[in-house]
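Listed below, chain by chain, are the residues.
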Amino acid sequence: MTYIPVTEIIHEAIESVGIHIAPASGFQITEKTSSRDLVTQYDRLVQEKLIAAITERKPDAQFISEELEKKGDLNAENTFIIDPIDGTTNFIHGMGNFAISVAWYKYGEPFYGAVYDPLADEFFEAKVGMGALLNGMRIHVSNAPMRDSIVLFGTSPYNPELTDMTFDLVKKVFGKCQDVRQMGSAALDICHVACGRAGLYFEATLSPWDYAAAAIILKESGGELVNLSGHEIKLSLEKTSVIAGNKNIIAESGIINH
Ligand code: LIP
């Protein structure tokens, strides 16, 4: 019997559920912490299918997933950090820009990350030390200066106490860059930075599943991921602020310790 690497199992599982949900409709929407923090039956379906596909090959796998009550052990031999649908609000409103995100950690260290946009049919992935790919082609962060770059940001909509700070930062960078965009999926925003479409992305707070996989792809594409104090981010179950970009543009942005 041919051996299929687990990374290929993950790739195929993500792609097949992605194609299944792309034309989704008939949403059963549940509010979590607020009218902005929503979950649908599709989030749970994608999570269920991914966990089943991975567990078949890795019965000892641990899971940290957005819609799982009990979070697994990040320092286990094999831990998978899943955002079944990142950009849920876009998804519910029938807009593009949502993604399925899976990161594979081994004993607390990043090993493989995959982010799939089913509507655009764009599969971003990276294995640590092997470079980052978009649909099988190598990608690299942009080296353009702020003046020639688009800056992406997230609004942390579940945390209204961060609204003023967020839009102060947007105003600060808007004067230095080509334009700003708010696209609604942290995972895809970070991947757009990894492939050089955008120069920078920031958000005042994210959960680990929002950025775990995209962070691996970004670093393998030559980018950096730091928090708003400029410190490198070590994945944990705690929320954190995030800045993604190349070293120069992060410094040029002036948003660190703003
Ligand atoms: C979303 C992120 C987005 C952020 C939202 C939310 P979800 O993830 O991708 O960048 O602004 O607060 O965290 O909830 O759609 O998986």
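Provided above is the structure to which this section pertains.
Residues numbered from 1 in each chain as written. Predicted model: local features only at pLDDT ≥ 70, side-chain atom pairs only at ≥ 80, totals over all residues. Heavy atoms only, no water.

Asks: Lay out the pairing of strand 14 (residues 240-245) in plain terms, naming residues and giving numbers.
Replies: For strand 14, the buried fraction is high: 6 of the 6 residues fall into the buried class. The pairing of strand 12 (residues 200-206) with strand 14 spans 5 bridges and is antiparallel. Counted as the bridge partner of Leu200 is Gly245 from strand 14. As judged from the 3 bridges shared by strand 13 (residues 224-226) and strand 14, these two strands associate in the antiparallel manner. Within the sheet, the bridge partner assigned to Leu225 lies in strand 14 and is Ala244. (Buried < 20%, exposed > 50% of the residue type's maximum accessible area, 1.4 Å probe, protein only. Helix = DSSP H or I, 4+ residues; strand = E, 2+ residues; numbered from the N terminus. Pairing = 2+ DSSP bridges.)

Asks: Describe the sheet that holds strand 12, and please don't skip the residues or the numbers.
Replies: Read from one edge of the open sheet, 5 strands run 11-10-12-14-13, paired in mixed fashion. Only two strands of the sheet have a single partner each, and these edge strands are strand 11 (179-181) and strand 13. Across the sheet, the axes of successive neighbouring strands diverge by a mean angle of 20 degrees, strand direction being ignored. Across the sheet, helix 4 (residues 163-174) is in contact with strand 10 (150-153), strand 11 and strand 12; its angle to strand 12 comes to roughly 170 degrees. Strands strand 10, strand 12, strand 13 and strand 14 of the sheet are contacted by helix 5 (residues 186-194), whose axis makes an angle of about 155 degrees with strand 12. (Axes fitted to C-alpha atoms, helices over the stretch in contact; angles between N-to-C directions. Contact = heavy atoms within 4.5 Å.)

Asks: Could you give an account of helix 2 (residues 41-57), naming the residues involved and the relevant values?
Replies: For helix 2, which comprises 17 residues, the first-to-last C-alpha distance of 25 Å matches the rise-based estimate of 24 Å (1.5 Å per residue) to within 8%. Those residues of helix 2 not exposed but buried are Gln41, Tyr42, Asp43, Val46, Gln47, Leu50, Ile51, Ala53 and Ile54. Buried residues in helix 2 make contact with helix 1 (6-21), strand 2 (37-39), strand 3 (62-65), strand 4 (79-86), helix 3 (88-92) and strand 5 (99-106). The residue sitting at the N-terminus of helix 2 and contributing the capping side-chain oxygen is Thr40; that oxygen lies 3.0 Å from the backbone nitrogen of Tyr42. (Expected span 1.5 Å × (residues − 1). Polar contact = N/O pair within 3.5 Å; in protein donor to acceptor, adjacent residues only side chain to side chain.)

Asks: Describe the site of the ligand, listing the residues and the values that go with them.
Replies: Residues in close proximity to the ligand total 14 residues, the closest being Asp86, Gly87, Tyr158, Ala186 and Glu203. One nitrogen or oxygen atom from the side chain of Asp83 is found 2.9 Å from an oxygen atom belonging to the ligand. Tyr158 has a polar side-chain atom sitting 2.7 Å from an oxygen atom of the ligand. When its residues are assigned to classes, the shell around the ligand shows 4 nonpolar, 5 polar and 5 charged. (Near = heavy atom within 4 Å. Nonpolar A, V, L, I, M, F, W, Y, C, P; charged D, E, K, R; others polar.)

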